[in-house]
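Each chain, letter by letter, is given below.
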Amino acid sequence: MKAGDYVAKIENKWQQHNQWMQFPDEPPVPLGVIISKGNMKFSWDVLEPSGRIISHRSKTLKVISES
């Protein structure tokens, strides 16, 4: 992941810990664009469509489209 990537939030707890797992009936929810590295060690700041900037842990994000 890097700044400019369009990401989705992984809702399934199993998939958060095992990103190789696939759950077709539980697709990731589109979230927004990564704008910078977060303050915490494994986090990213994401600009959501509403205009809010929220910090998310790396393991809860999945890249939909790279910049």
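Just so you know, these numbers come straight off a predicted model, no measurement behind them. (Residues numbered from 1 in each chain as written. Predicted model: local features only at pLDDT ≥ 70, side-chain atom pairs only at ≥ 80, totals over all residues. Heavy atoms only, no water.)

**Some words on the pattern of salt bridges**
Turning to step 1, where the next piece is worked out: Under the definition given, this model contains three salt bridges.
Turning to step 2, where the next piece is worked out: A salt bridge links Asp 5 to Lys 2; the nearest nitrogen and oxygen atoms lie 3.5 Å apart.
Turning to step 3, where the next piece is worked out: Accessibility expressed as a relative area gives 38% for Lys 2, which makes it partly exposed.
Turning to step 4, where the next piece is worked out: Note that Arg 52 is salt-bridged to Glu 48, the shortest N-O span being 2.8 Å.
Turning to step 5, where the next piece is worked out: Accessibility expressed as a relative area gives 11% for Glu 48, which makes it buried. (Salt bridge = Lys/Arg side-chain N within 4 Å of Asp/Glu carboxyl O. Buried < 20%, exposed > 50% of the residue type's maximum accessible area, 1.4 Å probe, protein only.)

**Notes on the environment of Pro 28**
Turning to step 1, where the next piece is worked out: Considering the arrangement of structural elements, one finds Pro 28 in the loop between helix H1 (13-17) and strand S2 (29-37).
Turning to step 2, where the next piece is worked out: Overall, the relative accessible area of 27% leaves Pro 28 in the partly exposed class.
Turning to step 3, where the next piece is worked out: Spatially, the C-alpha atoms of Pro 28 and Leu 61 are 8.4 Å apart, while their sequence positions differ by 33 residues.
Turning to step 4, where the next piece is worked out: Residues within four places of Pro 28 in sequence aside, it is in contact with Ala 8, Lys 9 and Lys 62. (Helix = DSSP H or I, 4+ residues; strand = E, 2+ residues; numbered from the N terminus. Contact = heavy atoms within 4.5 Å.)

**Side note on the side chain of Asp 5**
Turning to step 1, where the next piece is worked out: Relative to the elements of secondary structure, Asp 5 occurs in the segment before strand S1 (6-9).
Turning to step 2, where the next piece is worked out: A polar contact of 3.1 Å, which involves the side chain of Asp 5, links it to the backbone nitrogen of Lys 2. (Polar contact = N/O pair within 3.5 Å; in protein donor to acceptor, adjacent residues only side chain to side chain.)

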